[in-house]
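Topology and contacts: notes
For reference, the chains in residue letters:
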Amino acid sequence: MDSTKYSLADFMDIPDLDIMGRAELFAQYAEDSRQRGHAHFRRISLTGSGPTMQVVDPLTGKVNEMIYMASNDYLNLTKHPRTIAAGRAALEKYGSGAGSVPLLGGTTDLHIELEQKVAKFKGCEDAILYTSGFGSNCGTLLAMLTDKDIAILDLLVHASIIDGCKNTNVRHFRHNDMQSLERALTKAKDKYRTKLVVVDGVYSMDGDIAKLDEIVQLAHSYGAYVMVDEAHASGVIGPNGRGTPEHFGLEGQVDIVAGTFSKGLGVVGGFIATNKDLVQLLHFYSRAYMFSTAPTPQAVGSLIAALDVIETEPELRKQLWDNIIYFRENILKLGYNIGNAETAIFPLIIADGLKVRDMCRHCHELGLYINPVQYPAVPERLSRLRISLMSAHTREHLDKALEILEHVGREFDVI
Ligand SMILES: Cc1ncc(COP(=O)(O)O)c(C=O)c1O
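Residues numbered from 1 in each chain as written. Predicted model: local features only at pLDDT ≥ 70, side-chain atom pairs only at ≥ 80, totals over all residues. Heavy atoms only, no water.

This part covers the sheet that holds strand 10 (residues 270-274). Taken in spatial order, the seven strands line up as 4-10-9-8-7-5-6 in an open sheet, and their pairing is mixed. Edge positions in the open sheet fall to strand 4 (126-130) and strand 6 (169-173), since each of these has one partner strand only. Averaged over all neighbouring strand pairs, the angle between strand axes comes to 20°, with direction disregarded. Pairing analysis gives five bridges linking strand 7 (residues 195-200) to strand 8 (residues 225-229), with the strands arranged parallel. Bridging across to strand 8, Leu 196 finds its partner in Tyr 225. (Pairing = 2+ DSSP bridges. Helix = DSSP H or I, 4+ residues; strand = E, 2+ residues; numbered from the N terminus. Axes fitted to C-alpha atoms, helices over the stretch in contact; angles between N-to-C directions.)

This is the structure in structure tokens:
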């Protein structure tokens, strides 16, 4: 099979093949893609997240030291001495697992401490913890909305939000477009019981920020609630790194604040911060919470420390922003199209999926670990390389990455 003639979308559903037949055909596609040096997914790291990483080359098996610009570990808290020490102490005291679901024995005093810290961090009354950010979005939406309700979603919200809305009515509005949102709110007026507008605070593939101030004002004026997913905002934006509501001075005014613990906080898991009554309802009706073992003590211990680090070591966020400003200025000078990116995530929009795969292979060969984003994750005309920065990237890392991107960009005639 010639994998360059297909995309992942072609194997999503094949009408005449059962699941094993479909898997066999997909294996042919994946092997051809690997042979062409396009196998950019599941590259194996021998050192874990950091500004550089030892990575196994998928074709040759050779280990390369690479500059890693694809992590969501924006503040490098995965390797911070305080998150490691606190995780280790929790592991020693409480053991390797929580032992049960949260309602039936899996809640320790450490879990309660984290719930309270998260609620305070997000300016809300209370918070509920999940073992993944995907689970917290999906599990909460499934618990809150039925066929009598409606979710009004920005076109670019994360997959976990889309999957969480499978049991309810859905209307999309154009990305960050207030006129389009208002049209959706007008159409939904007086028709549904709960109306919920859901947006990401920072968009994961574009790095731009939701116009949360306008969204909250507009949604509330139509009697709709607002939920914001803070996955890529926590630790990164807002004067104290508290995310999008803080960035807009809206703390306490967003009805539901969702987030992950896996990105700026450097661990794993997810949360919903909101009012006490809704948190309690979710304890009993969110199946992803009720029927799933509580987060590990190590994760919870590390997260308590991560929130403390965000509060007491603002210099990490400052270093990240110095890097963002420097990289942004120079990538624009090279002539790349970065859309409306304004945070630590940079899309380099190339608009040609095959070129993106080839450019990615070339960057990989030159020692830069970045990822391709292609159809169906984004439309073909918006195919891109996705770059993300960390506070621990040095000026040398940034300059080397820019040099590689200049070389590859010229070779492929995109700058
Ligand atoms: C915007 C957004 N929301 C939710 C998630 C899911 O979070 P997690 O990886 O913690 O499950 C992700 C991450 O992949 C994300 O980018």
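Moving on to the packing of aromatic side chains. Geometrically, a pair of aromatic rings is defined through the distance of the ring centres and the angle of the planes. For the structure on display, the rule yields eight aromatic pairs. With a centroid separation of 6.0 Å and an interplanar angle of 55°, the aromatic rings of Tyr 6 and Phe 11 are classed as tilted. What makes Phe 11 buried here is its relative accessible area of 6%. Between Phe 11 and Phe 26 the ring centres are 5.4 Å apart and the planes differ by 70°, which places this aromatic pair in the edge-to-face class. Residue Phe 11 is located in the segment before helix 1 (19-35), and its partner Phe 26 is located in helix 1; the two are separated by 15 residues in the primary sequence. You can call Phe 26 partly exposed: its relative accessible area is 33%. The side chain of Arg 43 reaches across the aromatic face of Tyr 369, ending 3.7 Å from its centre. (Phe/Tyr/Trp six-rings, centres within 6.5 Å; stacked < 30°, edge-to-face > 60°. Buried < 20%, exposed > 50% of the residue type's maximum accessible area, 1.4 Å probe, protein only. Lys NZ or Arg CZ within 6 Å of the ring centre and 35° of its normal.)

For the rest of this paragraph, the subject is the packing of helix 3 (residues 109-121) against helix 11 (residues 297-312). Packed helices, taken two at a time, are described by their axes: the angle between them and the distance between them. Where helix 3 contacts helix 11, the two axes come as close as 9 Å, and the packing angle between them is 30°. Note on packing geometry: the crossing formed by helix 3 with helix 11 is left-handed. Contacts between helix 3 and helix 11 pair Leu 110, His 111, Glu 113, Leu 114, Lys 117, Val 118 and Phe 121 from the former with Pro 297, Val 300, Gly 301, Leu 303, Ile 304, Leu 307, Asp 308 and Ile 310 from the latter. In the contact of helix 3 with helix 11, the residues fall into 10 nonpolar, two polar and three charged. (Left-handed = near helix turned anticlockwise from the far one by under 90°. Contact = heavy atoms within 4.5 Å. Nonpolar A, V, L, I, M, F, W, Y, C, P; charged D, E, K, R; others polar.)

So, on to the site of the ligand. Among the 15 residues in the neighbourhood of the ligand, the closest are listed as Phe 134, Asp 229, His 232, Ser 262 and Lys 263. Within the contact set of the ligand, an oxygen atom lies 3.1 Å away from a backbone nitrogen or oxygen of Gly 133. Coverage of the ligand by the protein amounts to 82% of the 390 Å² it exposes when considered alone. Ranked by residue count, the leading element in the shell around the ligand is helix 4 (residues 133-144), at three residues. Partitioning the shell around the ligand into residue classes produces two nonpolar, 10 polar and three charged. (Near = heavy atom within 4 Å. Polar contact = N/O pair within 3.5 Å; in protein donor to acceptor, adjacent residues only side chain to side chain. Areas by Shrake-Rupley, 256 points an atom, 1.4 Å probe, with all protein chains shown as cover.)

Under the domain assignment, the chain is made up of domain 1 (1-36), domain 2 (48-68 + 314-411) and domain 3 (81-312). Just the C-alpha atoms count here: the centres of domain 1 and domain 2 sit 27 Å apart. Domain 1 puts 11 residues into the contact, and the matching count from domain 2 is seven residues. In total, domain 1 and domain 2 occlude about 640 Å² of area from one another, counting both sides; carbon and sulfur atoms represent 54% of this. (Domains from an automatic or database assignment. Buried area = accessible area lost by both parts, 1.4 Å probe.)

With that out of the way, let us pick up the packing of helix 11 against helix 12 (residues 314-334). One can describe the packing of helix 11 onto helix 12 by two numbers: an axis separation of 5 Å at closest approach and a directional angle of 75°. The orientation of helix 11 with respect to helix 12, classified from their angle, is roughly perpendicular. Counted together, Val 309, Ile 310, Glu 311 and Thr 312 of helix 11 and Pro 314, Glu 315, Leu 316 and Arg 317 of helix 12 form the full contact between these two elements. (Parallel < 35°, antiparallel > 145°, perpendicular 65-115°, else oblique.)

What follows concerns the nonpolar core. Counting residues in each nonpolar core, the largest one holds 86 residues, and the members touching the most others are Met 69, Val 197, Phe 327, Ile 331 and Leu 405. For this core, the leading source of residues is helix 11, giving eight residues. Split by domain, this core shows at least three residues from each of two domains, domain 2 (48-68 + 314-411) and domain 3 (81-312). In contact with Leu 405, other than residues within four places in its own chain, are Phe 327, Ile 331, Tyr 336, Leu 348, Cys 363, Leu 368, Ile 370, Ile 387 and Ile 415. Formed by 20 residues, the second largest nonpolar core is a distinct cluster that contains Ile 128, Val 157, Met 227 and Ile 272. (Core = buried A, V, L, I, M, F, W, Y, C linked by side-chain atoms within 4.5 Å.)

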